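Topology and contacts: notes
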Amino acid sequence: FEEPYVHLARLSYIWRSDDEGPLIRVNGGLIKPIYTYNDATSSASLTFLERAAVVNVATSAFGGGAPRLGAELTFQDSDFLRSGDNLVLSAAYTGHVSARTSDIPDDSTADGTHLLGRVAYRLWSDNVSNIQIGASASRILSMGGGAGEGAARTLILQDRPEIRVDGNSLVTTGPLPASGGGLWGVEAAGNWRNVYFAAEYYEFGIERDTICGGCVIGGDPEFSGWYVESSWMLTGEAKIYQANAFNNGMATYANPQVRAPFALDSGGWGAWEIAARYSDLDLNSEPGARGTTCPVAGCVRGGEQKIFAIGLNWYMSDNIRFLFDYMFIHVDKLSGVGAQIGQDVSVVGTRFQFTN
């Protein structure tokens, strides 16, 4: 490798008085913090090929996403207030990314510092069905980058469509001179037997840098995004709720346990799941009307991306699955002079996945 790097390198201390008591974990080093529901869910257990676009923006631009130098404190306890509940509290301080990848924008946040975290609370459970709510938040403490005195430090909000074909982002704010920013969001997830659902909503705020030379004077832009997804296990299995985990999967769902693994000699056909998701990522801030220039100084025409996806998942066994997604992507985006430069794209994606 021309530029080898360490992906994750952390020291963990885990304390638990007994099997039923609270769990306290401290992580330090190159960490990927617990942050947002969809990002905390293991990539081996995602219902769709990729995470929702709004979650990728929330993590990559505000201290999560790629592993970073930092420290994290997590508390987890089941039956915390009453029987059947589950509480997870996690807070982290993060800094430099371990290495730049195609998912890290070319801005000043890769070397900045952040304070972020997630809280999740399972309201009810009967040991099969569950209902959970939660929230995540982040604050940029300092902007990084090697810009000289008087030069702008920038923040970029963007993400590729919810399939990784190439490095192009259909919606992007472009580099915004920024002195800081933050986000907040809420989540809900649950299952009723073999029916599963999840949803998240996030708002992003950018504190515009108006001191640097040549910066556009304008208000602080705000952006938002959300998604809702659901699935139905046709063969009757239920996704497995994880109250705790050694990785980031606390208070998330794992794959179902397959009742009849695929095997020609036994006639087993595995487990089958159908799913649907709708997501909306709005990176416009006072964009104005079509056919006009920006109505206010510093407006942002990053575009709005709406994606409707349907999926068919085949769990051949507890370790092998095949995913098939069809996505219709609609982008509404205005140019600087108000011309419509959005697009409609249909995508088919598949993945064969083995986990151990």
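Here's a quick rundown of the structure.

Parameters and conventions
The residue count restarts for each chain, going from 1 along the sequence in the order it is written. Given that this is a predicted model, residues contribute local features only at a pLDDT of at least 70 and side-chain atom pairs are listed and counted only at 80 or more, while totals for whole chains, interfaces and linings are drawn from all residues. The side-chain quantities take in all heavy atoms of the structure and omit both hydrogens and water. A run of H or I in DSSP counts as a helix once it spans at least four residues, and a run of E counts as a strand once it spans at least two, with each numbered from the N terminus. Every residue pair with non-hydrogen atoms within 4.5 Å of one another is taken to be in contact. What sets the accessible areas is the Shrake-Rupley method with a 1.4 Å probe; for residues, cover comes only from the shown protein chains. We call Phe, Tyr and Trp rings a pair once their centres come within 6.5 Å, taking the six-membered ring for Trp, and we label the pair stacked below 30 degrees between planes, edge-to-face above 60, and tilted otherwise. The rule is short: NZ of Lys or CZ of Arg within 6 Å of the ring centre and within 35 degrees of the ring normal puts a charge over the ring. By disulfide we mean two sulfur atoms from cysteines, separated by a distance within 2.5 Å. Between buried and exposed lies partly exposed: a residue is buried under 20% and exposed over 50% of the maximum accessible area for its type, with that area taken using a 1.4 Å probe on protein chains only. Think of a polar contact as two N or O atoms within 3.5 Å of one another; within protein, one of them needs to be a possible hydrogen donor and the other a possible acceptor, and neighboring residues in sequence only count if both atoms come from side chains. When DSSP locates at least two bridges between a pair of strands, those strands are taken to pair. Here, a salt bridge means any Lys or Arg side-chain nitrogen found within 4 Å of an Asp or Glu carboxyl oxygen. By nonpolar core is meant a set of buried Ala, Val, Leu, Ile, Met, Phe, Trp, Tyr and Cys residues that side-chain atoms within 4.5 Å join together.

**Notes on the overall build of the chain**
Secondary structure assignment for the chain yields two helices and 18 strands. Taken along its principal axes, the extent of the C-alpha atoms in the chain is 70 × 45 × 45 Å. Expressed as a percentage of contacts within the chain between residues at least 6 apart in sequence, the contacts between residues at least 24 apart total 65%. For the chain, the computed accessible surface area is about 16,100 Å², with 59% contributed by carbon and sulfur atoms.

**A closer look at the packing of aromatic side chains**
Here the structure, examined in full by the defined rule, presents 10 aromatic pairs. Between Trp 124 and Trp 192 the ring centres are 6.2 Å apart and the planes differ by 20 degrees, which places this aromatic pair in the stacked class. Placement of the pair is Trp 124 in strand S5 (residues 113-125) and Trp 192 in strand S10 (residues 176-192), with a sequence separation of 68 residues. With 5.5 Å between their ring centres and 45 degrees between their planes, Trp 226 and Tyr 278 make a pair best called tilted. Linking Trp 226 in strand S12 (residues 222-233) with Tyr 278 in strand S15 (residues 271-285), this pair joins segments that are 52 residues apart in sequence. Here the aromatic cluster, defined as three or more aromatic residues joined through ring pairs, consists of Phe 262, Trp 269, Trp 272 and Trp 314. For the cation-ring pair, Arg 193 lies above Trp 192, with the distance from its terminal atom to the ring centre recorded as 5.4 Å.

**Brief notes about the state of the cysteines**
One pass over the structure, following the stated rule, counts one disulfide. One disulfide in the model links Cys 294 with Cys 299; its S-S distance is 1.8 Å. Given a relative accessible area of 15%, Cys 299 falls into the buried group.

**Some remarks on the side chain of Lys 239**
Position of Lys 239 relative to the elements: it lies in the loop between S12 and strand S13 (240-242). Among the residues examined, Lys 239 registers a relative accessible area of 5% and is labelled buried. Here Thr 47 takes part through its side chain, which lies 3.5 Å from a polar atom of the side chain of Lys 239. A polar contact of 3.2 Å, which involves the side chain of Lys 239, links it to the side chain of Glu 273. Those residues in contact with Lys 239 that sit more than four places away from it in its chain are Ser 45, Thr 47, Asn 191, Tyr 196, Ser 231, Tyr 253, Ala 254, Pro 256, Glu 273 and Tyr 315.

**What to know about the environment of Pro 33**
Within the secondary structure, Pro 33 sits in the loop between strand S2 (23-31) and helix H1 (37-40). A relative accessible area of 2% places Pro 33 in the buried class. Each C-alpha atom, one on Pro 33 and one on Leu 73, is 9.3 Å from the other, the two residues being 40 residues apart in sequence. Discounting residues that sit within four places of it in the chain, Pro 33 has contacts with Asp 39, Gly 63, Gly 64, Glu 72, Ala 92, Thr 94, Leu 116 and Asn 248.

**A look at the pairing of S10**
Inspection of the sheet shows strand S6 (residues 130-142) paired to S10 by 10 bridges, in the antiparallel sense. By the bridge assignment for S10, Ala 137 is matched with Trp 184. As paired strands, strand S7 (residues 154-155) and S10 are joined by two bridges and run antiparallel to one another. Counted as the bridge partner of Thr 154 is Pro 177 from S10. Pairing of S10 with strand S11 (residues 195-208), which is carried by 14 bridges, proceeds in the antiparallel orientation. From the neighbouring strand, Gly 185 faces S11, where its bridge partner is Tyr 202.

**Brief notes about the pattern of salt bridges**
Under the defined criterion, the tally for this structure stands at 10 salt bridges. With a closest N to O distance of 3.3 Å, Glu 162 and Arg 277 form a salt bridge. Of this pair, Glu 162 sits in the loop between strand S8 (158-159) and strand S9 (171-172) while Arg 277 sits in strand S15, and the two are 115 residues apart along the sequence. We note that Glu 162, like Arg 277, is buried. Across the pair Glu 229 and Arg 277 runs a salt bridge whose closest N-O atoms are separated by 3.4 Å. With Glu 229 in strand S12 and Arg 277 in strand S15, this pair connects stretches of sequence that are 48 residues apart. The two residues Glu 229 and Arg 277 agree in class, both being buried. Residues joined by salt bridges that share partners form a network here, namely Lys 32, Asp 39 and Arg 51.

**Some remarks on the nonpolar core**
When a protein is soluble and globular, its nonpolar side chains tend to lie buried together. Residues Val 54, Phe 62, Leu 155, Leu 157, Phe 204, Ile 206 and Phe 223 are the most contacted members of the largest nonpolar core, which totals 53 residues. No other element matches the six residues that helix H2 (residues 53-61) contributes to this core.

**Thoughts on the pairing of strand S3 (residues 68-78)**
Successive side chains on a regular strand alternate, one facing one side of the sheet and the next facing the other. Bridge analysis of S2 against S3 gives nine bridges, and the strand direction is antiparallel. Counterpart to Gly 28 in the pairing with S3 is Ala 71. Taken together, the 10 bridges between S3 and strand S4 (residues 86-97) define a ladder with antiparallel strand orientation. Following the sheet pairing, Phe 75 is matched in S4 by Leu 89.

**Section: H2**
Most of H2 is tucked away: nine of the nine residues are buried. Every buried residue of H2 is listed here: Ala 53, Val 54, Val 55, Asn 56, Val 57, Ala 58, Thr 59, Ser 60 and Ala 61. Once H2 ends, the next one or two residues include Gly 63, with phi positive near 100 degrees.

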